[in-house]
Amino acid sequence: MARRILILGGTTEARLLAGRLASRADLDVTVSLAGRTTAIIDHGVAMRVGGFGGIKGLSDWLEHEGVDLLVDATHPFADQMSRNAVAASIQTGVRLLALRRPAWTAELGDRWTEVDGVREAVVALGGGRRRVFLALGRQEIDAFARAPQHFYLVRSIDRVTDRFLDDAVYIEARGPFRADDERALMASHAIDTVVARNSGGDAGYAKIAVARELGAEVILIRRPVLPEARTVETVEEAMAFVDHPRTSAAARGV
Ligand code: NAP
């Protein structure tokens with residue numbers, strides 16, 4: 001019988017992993033998405049959309065569907081889902097693998113101010129007027145209402161409907177973003193500060209590299225601390241774990 005795998009998705013890595021596993025007759029793969037964005041991208045495997053209903057809901061789903069392996073390939077800032085995955089794995093005994101890309105680290109020339117959250121990012125902007133590129137999720141924009149002295153360039157995947165920032169330009173775009181495009185965008189709005197999360201990975205890195213080039217400051221939100229889990233950093237390592245869960249050398253952690 002095919003082994004059942006549930007991939008908690010919402011990331012490029014989840015899509016790539018699902019794509020690599022899709023043709024395998026020995027595996028029965030489902031990808032789960034929260035349903036935050038309106039356009040659902042086909043992953044080539046079975047898909048389900050929407051929350052499970054907390055730890056209990058996820059545990060029930062794993063048991064009811066006879067899942068053999070749970071892969072948490074959510075975004076590094078999707079901490080609630082990752083915590084639920086650890087708890088549900090403990091409750092049900094279903095093996096868990098976390099696929100977490102490494103965080104970015106500062107290079108020579110970077111002007112980073114690292115903060116713990118969005119509120120701290122607002123404070124770090126200070127009192128003087130800045131021209132700020134907000135490369136954050138839609139839900140995180142609200143906090144910047146407290147600092148209306150700045151100009152904001154707000155980029156999100158879906159349209160922000162509640163446009164309460166007065167001095168702002170709103171654009172919609174989905175990564176990956178190329179350095180040339182980021183350079184042109186940031187130059188055309190005379191951006192001097194980027195506010196971003198330390199997501200890691202290539203798709204969002206261009207804004208960080210371009211900020212370095214332009215001498216712009218980056219206010220970088222640190223990752224949430226997640227509970228211990230067996231972890232790999234790449235799709236390749238996740239593939240190796242799927243094939244050899246007991247012996248795979250790539251996975252670190254409990
Ligand atoms: P979150 O705060 O950790 O999750 C909140 C709740 O949303 C979870 O408790 C769960 O609801 C539901 N949920 C989250 N991911 C899910 C998934 N893959 N499948 C089914 N339900 C899911 O997550 P978030 O930060 O809102 O992110 C939501 C999704 O967007 C994730 O899949 C993530 O990979 C993706 N994403 C997030 C970010 C980010 O910056 N946070 C960036 C890019 C992509 P229940 O408790 O009801 O199960």
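Residues numbered from 1 in each chain as written. Predicted model: local features only at pLDDT ≥ 70, side-chain atom pairs only at ≥ 80, totals over all residues. Heavy atoms only, no water.

## A closer look at the domain arrangement of the protein
Applied cut-off: Delimitation of the domains relies on an automatic or database domain assignment. The contact criterion used throughout is that any non-hydrogen atoms of two residues lie within 4.5 Å. Salt bridge, as used here, is a side-chain nitrogen of Lys or Arg placed within 4 Å of a carboxyl oxygen of Asp or Glu. Two N or O atoms form a polar contact when they lie within 3.5 Å of each other; inside protein one atom must be a possible hydrogen donor and the other a possible acceptor, and for residues adjacent in sequence the pair counts only when both atoms belong to side chains. All amino acids are sorted into three groups, where Ala, Val, Leu, Ile, Met, Phe, Trp, Tyr, Cys and Pro are nonpolar, Asp, Glu, Lys and Arg are charged, and the leftover types, Gly among them, are polar.
Under the domain assignment used here, the protein contains domain 1 (3-102 + 225-243) and domain 2 (112-221). Taking only C-alpha atoms into account, the centre of domain 1 sits 29 Å from that of domain 2. Contact with domain 1, which involves ten residues of that partner, is made by eleven residues of domain 2. At the boundary of domain 1 with domain 2, the tally comes to zero salt bridges. The tally of links between domain 1 and domain 2 comes to four residue pairs in polar contact (both at pLDDT 80 or more). Of the residues assigned to the side of domain 1 that touches domain 2, the class counts are five nonpolar, three polar and two charged.

## A closer look at the sheet that holds strand S11 (residues 217-221)
Where we set the bar: Between any two strands, pairing holds if DSSP finds at least two bridges. Numbering of helices and strands starts at the N terminus; helices are DSSP runs of H or I of at least 4 residues and strands are runs of E of at least 2. Angular values range over 0 to 180 degrees, each being the angle between N-to-C directions of two axes fitted as lines to C-alpha atoms, with helices fitted over their stretch in contact.
Within the open sheet, the six strands sit side by side as S6-S11-S10-S7-S8-S9. Their pairing is parallel. The open sheet has two free edges, formed respectively by strand S6 (112-115) and strand S9 (168-172), since each of these has just one partner strand. For this sheet the average axis-to-axis angle between neighbouring strands, irrespective of direction, equals 15 degrees. Sheet analysis places strand S7 (residues 131-135) next to strand S10 (residues 193-197), joined by four bridges and oriented parallel. Residue pairing across strands places Val132 opposite Thr193, the latter belonging to S10. Against the sheet, helix H4 (residues 118-125) touches S6, S7, strand S8 (151-156), S10 and S11, its axis set at about 160 degrees to S11.

## Points about the site of the ligand
Which entries qualify depends on this criterion: The near set for a molecule or strand comprises every residue that places at least one heavy atom within 4 Å of it. Only the protein chains shown count as covering a residue, and every accessible area follows the Shrake-Rupley method with a 1.4 Å probe.
Residues in close proximity to the ligand total 21 residues, the closest being Gly9, Ser32, Phe52, Met81 and Arg197. Note that an oxygen atom of the ligand is positioned 2.8 Å from one of the side-chain N or O atoms of Arg36. Gly53 is positioned such that a nitrogen or oxygen atom in its backbone is 2.8 Å from an oxygen atom of the ligand. Computed on the free molecule, the ligand has an accessible area of 800 Å², of which 78% lies beneath the protein chains in the complex. Broken down by secondary-structure element, the contributors of at least two residues to the shell around the ligand are strand S2 (27-33) and helix H3 (79-92). A per-element tally of the shell around the ligand places H3 first, with four residues. A per-class count over the shell around the ligand returns six nonpolar, eleven polar and four charged.

## Some thoughts on the pairing of S11
Defined as follows: Each residue gets one of three labels from its accessible area relative to the maximum for its type: buried under 20%, exposed over 50%, partly exposed in between, using a 1.4 Å probe on protein chains only. Viewed with both strands pointing away, a crossover whose connecting path from the first strand over the helix to the second turns clockwise is right-handed.
Summarising burial for S11: five of the five residues are buried, a large majority. The alternating pattern of S11 places Glu217, Ile219 and Ile221 on one face and Val218 and Leu220 on the opposite face, and all of these are buried. The β-α-β motif built from S10, the intervening helix H6 (residues 206-214) and the parallel element S11 has right-handed crossover chirality.

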